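Residue-level listing of the chains:
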Amino acid sequence: MFESLKPMPADPLLQIIAAHRADTRSDKIDLGVGVFRDEAGGTPILRAVKAAERYLVANQPTKGYLGIEGDPVFTDLLRPIIFGKNGGDASLVPGIQTPGGGGALRLGGELIATARPDAKLWLGTPSWPNHRPIFEAVKLEVREYRFADLTTQTLLFDEMMAALRQASAGDVVLLHGCCHNPTGLDLNHDQWREVADLCSANGLIPFVDLAYQGLGESLEADAMGLRTIFERVPELLLAYSCDKNFGLYRERTGALYVKASSADLARNVASNLAVHARVSWSMPPDHGAAVVRAILEQPELEADWQAEVAEMGQRIRAVRRAIASAAPSLSAIAHEYGLFSNLAVSREQVDALRTEHGIYIAPSGRMNVAGLKVEDAPRLVAALDAIGAL
Ligand code: PMP
């Protein structure tokens, strides 16, 4: 039967990882894969995570099954961090543990496709390359609009609003909660409010993807957009990832929350989510969520985690400032948020950056700012200049 399969292209980022690994130059720089790196170039396990893991080894009583919805204590402990104190009432906003933010997006897509198969999913471009295929996989129609102009590093808010005004009631609007991947361009407070008002007036359902909370400005500030829109609309989906802000990447730790307009509808939503999860992964992996729970249940660990998130954010902002001060034409990078910035470069320039300068970025021009050491900013800028990208 497999003769009918067409070969599929490999993920371009995986090719970059392989090429970087094979590169023998000692001064090579990896700005491709989207993980936080410290000033020494590593992605260390957070202190709070290590402490929580030690705690689990000593205290976890069983590895018995949890259940389809994962650990409800985990999803409840995250609520105040995401929705603010007393926010995200569980009786109106059911939450379910998922394998990472990616699992939450897929599960949310399944729910939408079941509730309203003809809903269109509005997606600003460029976006995380996995967004479109995830929603197409659940057979939703994806409508794209231009979100950013890479040559000027600006967010095209007017174009975005003009596109969303074309959306019909019941359509879904995918929004990056903070630290936009791949551009680092985030909506400001007034813009979030305008989008919220449009969604509320026209019956559009926001689907917020919050994968980097804390790595932009702060845990609180990075949730501002979500909270602004959350309180203004009757229905909303939120895909949450703990993989970046807890540094848990491979543990696949995330959650999906869905705001419904009544407790009865919320119960219905929860039961549908459980059915979709059951036929997808049956039950989510436990370890990452158990670590997050152990951290958030112990005030000293939570305080340490918060300090570590703040340190990660500080480092990212320091790298951004270093790039901007080395190249005035890249000054916009200092005003972007999170791990990424998308340079306006051609495939040839990306190749030249790699072959001539040992600097690896995604073929799309996306660069993981957090992969750079502050001291290497002048070298990056000189290389960009040499390939004609400044
Ligand atoms: N959304 C965005 C915007 C992302 O960048 C990512 C991860 N790169 C995810 C969701 C998925 O996160 P996770 O690794 O938790 O599945």
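Since this is a predicted model, take the numbers as computed values, not measurements.

(A) Up close: the site of the ligand. Around the ligand, a shell composed of G34, G100, G101, G102, W128, H176, N181, D209, A211, S241, D243 and G254 is seen. Ranked by residue count, the leading element in the shell around the ligand is helix α4 (residues 100–115), at three residues.

(B) Geometry of the pairing of strand β8 (residues 205–210). Along β8, six of the six residues are buried, which leaves the element largely enclosed by surrounding structure. Residues I205, F207 and D209 line one face of β8 and the alternating positions P206, V208 and L210 line the opposite face, and both faces are buried. Pairing analysis gives five bridges linking strand β7 (residues 172–176) to β8, with the strands arranged parallel. Within the sheet, the bridge partner assigned to V173 lies in β8 and is P206. Taken together, β7, helix α7 (residues 189–202) and β8 constitute a β-α-β crossover, and its handedness is right-handed. As defined by bridge partners, β8 adjoins strand β9 (residues 236–241) across four bridges and the pair is classed as parallel. When the bridges of β9 are listed, F207 appears paired with L237.

(C) Fine view of the domain arrangement of the protein chain. As assigned here, the protein chain comprises domain 1 (2–45 + 313–386) and domain 2 (50–299). The C-alpha centroid of domain 2 is placed 26 Å from the C-alpha centroid of domain 1. Every contact between the two is made by 19 residues of domain 1 and, on the other side, 23 residues of domain 2. Looking at the side of domain 1 that touches domain 2 element by element, the count peaks at three residues for strand β11 (residues 340–342). Among the residues forming the side of domain 1 that touches domain 2, the class breakdown is nine nonpolar, eight polar and two charged.

Conventions and cut-offs
- Residues numbered from 1 in each chain as written.
- Predicted model: local features only at pLDDT ≥ 70, side-chain atom pairs only at ≥ 80, totals over all residues.
- Near = placed C-beta within 6 Å.
- Helix = DSSP H or I, 4+ residues; strand = E, 2+ residues; numbered from the N terminus.
- Buried ≥ 20, exposed ≤ 12 C-beta atoms within 10 Å, placed from the backbone.
- Pairing = 2+ DSSP bridges.
- Right-handed = clockwise from strand over helix to strand, strands pointing away.
- Domains from an automatic or database assignment.
- Contact = placed C-beta atoms within 7 Å.
- Nonpolar A, V, L, I, M, F, W, Y, C, P; charged D, E, K, R; others polar.

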